[in-house]
Amino acid sequence: MRWYVMADDDTVLTVDNLVEVLAKYDHTKSYYVGSNSESVKSNFDFSFDMAFGGAGNCSKSRQRVSPDRPPTEEFQPWPSTSPPFRINEDIAKLKVFPKISRPVQIRIRTIMETFRQGDKDMRWYVMADDDTVLTVDNLVEVLAKYDHTKSYYVGSNSESVKSNFDFSFDMAFGGAGYALSYPLAEALSTKLDGCIERYPYMSVSDFLLHSCLADLGIALNHDKGFHQIDLRNDISGLLSAHPQTPFLSLHHIDTIDPIFPSMDRSESINRLMKAAKIDQSRLLQQTICYHRQSNWSLSISWGYSAYIYENIIPRSILWRPLETFRPWKRNSRPPLYMFNTRWPSNNPCEAPHVLFFDSIEHIEGDQIVTTYVRAWPRGLPTCSFAGNHSADPISKIKVFSPASTRLEAGERDCCDIEYMDGANVTEVKYRACMKYEYWNMGGNGSTMGSCWWSSGLTKEDELLKDRPPTEEFQPWPSTSPPFRINEDITKLKVFPKISRPIQVRIVRTIMETFRQGDKDVRWYVMGDDDTVLMVDNLVELLAKYDHTKSYYIGSNSDCVKSNFDFSFNMAFGGAGYALSYPLAEALATKLDDCIERYPDMYVSDFLLHSCLADLGVALTQNKGFHQIDLHNDISGLLSAHPQTPFLSLHHIDTIDPIFPSMDRSESINHLMKAAKIDQSRLLQQTICYHRQNNWSLSISWGYSTYIYENIIPRSILWRPLETFRPWVADWTPPLYMFNTRWPSDNPCEAPHLFFFDSIEHIEGDQIVTTYIRARPRGLPTCSFAGNHSADPITKIKVFSPASTRLEGRGRDCCDIEYMDGANVTEVKYRACMKYEVIA
């Protein structure tokens, strides 16, 4: 057995897709794959009753039903066509049972019980609710990209801001499903009961599991293909603009409206499965094309719907779902969702003609034909723009896609439209995209660097300015990057319409830098002039991507409202982003056309995001880029950095200095002392415990160390202390794209604070970083029995290996050496032991 897949007995699983997705993961490593909710407030009354395990060759699945008691007489004899069943263990026998707040949630022990069956050649264990559809081919294909011999927890958080705020932005919501790799399921099987004893008050199983995995040091690998669907009513707008990732699951099919009109829920799911059985790789994948003769835009969600707009609408807009649905909790207030939406409109130039999937067939010549029929008359006049034509006559759309070519994850189809005026049928032919094909054809400064990596060197950054430096900056220092004067944008025809010329100048630096014709360039990296970039870490990250393909890499804002105002799928330029060479090349040929299309955009990174969307390129997110749309003291955030290499720090001129008793410049230079020695560990959080004194230590390498006079689980210490304030003072929660803890005066919760002071190499392949107390804590000792005061400690020395870089998403474990009453504590980093719980 390689994989264990969980789902309830009223769940539809598309097994072929699941097997193909799981095959991408290394089943000998620990993986946890799933997703969280789209809703404002989730009910989360889960029951995990069915386990599926991928077979050794990932070509079939193994299924079991796990009820609490044997089937009643009405279900006897047990059908041979149903998965075999095994009775769950009696959890009432657990010592902690009287303290458990919701016993049904402890049924997550099914993972442990299934693992103990000892199936051979298992790679993944997949869990989902009983009102969830899983597309197995796609899931197997996604999981095959991971090394199943390592510990992985794969899924997604909620598409609902409030749900993530209430539980965790870094939790896989179990209704949508998640996957655990074999080694992680193995580790969990030895630790789960201990975890239940630690968290008996938790009333939600997936939050309990997330906390258990955090204590094992395992963070979530996000995959947007899992859909919790904590939404109400009609979700057709969401399904018709699926993100550019394989569709993996659909939860809450029993609470939303049937996804096809004039059908019940069962009929609707069976209709969707007709397409899924033929080609899961394209299922719900959005393809956009244009018919210039009629001025039409077509948006096709393969196997589900087709929208015709009587206007040329850019892909950057059509990527946003129409908000046909309603939030899970009716009195919620925006921002509601973890994605941007469009409001339905009665404007005939904005409202689509809606057609839904009706049938699918193979035809000669390696073609699959999906047919979409009109749902209802649009009931609006024709769009009034000159040259626009009515789409009212169209009652059917036939889409031709290749039968022998699966759509790879992250790739897209292009298409051509064939239509004769007045006909009631339109044909759409899918094809490979041409180079540079456009989907809709027809601070005060920044630093732009073209970058490669060879023998530890990057090409020198280039500073782009609108005019030569003034006399006060002459002669130009040889230690500074060379400068080049920007092109004069006043010569652009569209210049009089441009709302903020400086933003256009910033985004055009990409094109101007590309035109310098540097050879062997792989990546173009952009960042603001108040941003620190960690080049070693950035190069190591970019090396994981194929630079010969089109990639747009960065991260969104720390603040929910900033993403709501612009885009949750935009790289915020202050923090920095990277464009691969082919994408910069394509952009260089199309950027001025894009500026003419969007002259009213007043933010350069939103303009760039829109241009790249029109090229069909979505953002590849990485949490190591930090926009820092925050104010005041960000030490709480930097002391609990996510488990990913630290890449950038923006807004260093608006936040407080990051080290006490230093100005901003001194603080950054001080941080760079550690960065120059080992960027791979910089800000990476390591947690260890001193059981003799009941202490928890949280170390942000090269920055800070916190001592808590209590044993606090990693699942809690991973959440930053909210020492900072939101970007705009009058915002109301949820504020951030991560969960926080409030600072406390409780001596069992408030830390002793130490900040980085010095770094040195010592004999024996060791780096020693020293952290000194920032100030007296000023609180009594934690009153729990056996707890000791940490007041005597003035200095902490951390020993880490000089010859071993920390791999991305890797972690160190550590041991604490301390003599009672001493003023110095030593922490020794080491490799983690198998199944080591950090709690």
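Each remark here, short or long, concerns the structure printed above.
Let me sum up the structure you'll find in this document. (Residues numbered from 1 in each chain as written. Predicted model: local features only at pLDDT ≥ 70, side-chain atom pairs only at ≥ 80, totals over all residues. Heavy atoms only, no water.)

Below, the discussion takes up the packing of aromatic side chains. The geometry of two aromatic rings is summed up by the distance between their centres and the angle between their planes. Throughout the structure, instances matching the rule amount to 36 aromatic pairs. Summarising the aromatic geometry, the rings of Phe167 and Phe207 are spaced 5.9 Å apart at their centres and angled 70 degrees between planes, so their arrangement reads as edge-to-face. With Phe167 in the loop between helix 4 (161-166) and strand 9 (178-181) and Phe207 in helix 6 (residues 205-215), the pair connects residues that are 40 residues apart, well separated along the chain. Relative to Tyr577, the ring of Tyr552 lies with its centre 6.3 Å away and its plane at 80 degrees, an arrangement referred to as edge-to-face. Placement of Tyr552 in strand 27 (residues 552-554) and of Tyr577 in strand 28 (residues 577-580) is noted, with a sequence separation of 25 residues between them. (Phe/Tyr/Trp six-rings, centres within 6.5 Å; stacked < 30°, edge-to-face > 60°. Helix = DSSP H or I, 4+ residues; strand = E, 2+ residues; numbered from the N terminus.)

What follows concerns helix 14 (residues 604-614). Taking burial as the measure, the eleven residues of helix 14 include eleven buried ones, the bulk of the element. Within the span of helix 14, buried status applies to Ser604, Asp605, Phe606, Leu607, Leu608, His609, Ser610, Cys611, Leu612, Ala613 and Asp614. Residues of helix 14 that are buried in the fold lie against helix 9 (315-318), helix 10 (501-514), strand 27, strand 28 and helix 13 (581-597). The first or second residue beyond helix 14 is Gly616, which carries a positive phi of 80 degrees. (Buried < 20%, exposed > 50% of the residue type's maximum accessible area, 1.4 Å probe, protein only. Contact = heavy atoms within 4.5 Å.)

Now for unusual backbone geometry. Between Pro334 and Pro335 the backbone carries a cis peptide bond, its omega angle lying at 0 degrees. Counting through the fold element by element, Pro335 comes out in the loop between strand 16 (325-327) and strand 17 (353-363). Note that the residue after Pro733, namely Pro734, is joined by a cis bond; omega there is 0 degrees. Structurally, Pro734 is set in the loop between strand 35 (724-726) and strand 36 (752-762).

Further remarks concern the sheet that holds strand 37 (residues 766-773). An order of 32-33-34-36-37-38-40-39 is seen for the eight strands of this open sheet, with the pairing classed as mixed. Edge positions in the sheet fall to strand 32 (685-690) and strand 39 (813-817), since each of these pairs with one other strand and no more. Averaged over all adjacent pairs, the angle separating strand axes in this sheet is 25 degrees, with direction ignored. Two strands pair when backbone bridges link them, and strand 36 and strand 37 are joined in this way by eight bridges, in the antiparallel orientation. Across the sheet, the residue bridging to Ile762 is Gln766, located in strand 37. Its contacts with the sheet place helix 16 (residues 664-677) against strand 36 and strand 37, and it is angled at close to 45 degrees to strand 36. (Pairing = 2+ DSSP bridges. Axes fitted to C-alpha atoms, helices over the stretch in contact; angles between N-to-C directions.)

For the structure on display, the rule yields eight disulfides. Two residues share a disulfide in this structure: Cys349 and Cys383, whose sulfurs sit 1.9 Å from each other. Negative torsions about the S-S bond denote left-handed disulfides, and the value of about 95 degrees found for Cys349 with Cys383 makes this one right-handed. Residue Cys349 is found in the loop between strand 16 and strand 17, and its partner Cys383 is found in the loop between strand 18 (367-374) and strand 19 (396-402); the two are separated by 34 residues along the sequence. Accessibility expressed as a relative area gives 3% for Cys383, which makes it buried. Residue Cys594 pairs covalently with Cys611 via a disulfide, S to S 1.8 Å. (Disulfide = S-S within 2.5 Å.)

Turning to empty space enclosed by the protein, a few remarks are in order. The computed volume of the largest cavity comes to approximately 50 Å³. As for the largest cavity, its lining consists of Asn537, Glu540, Leu541, Lys544, Pro645, Ser680, Arg805, Leu806 and Gly808. Looking at the lining of the largest cavity residue by residue, the classes come out as three nonpolar, three polar and three charged. (1 Å grid on protein atoms, 1.4 Å probe; cavity = no way out; pocket = protein on both sides within 12 Å on 5 of 7 lines; lining within 4 Å. Points joined across faces, edges and corners; volume = space filled by probe spheres on them. Nonpolar A, V, L, I, M, F, W, Y, C, P; charged D, E, K, R; others polar.)

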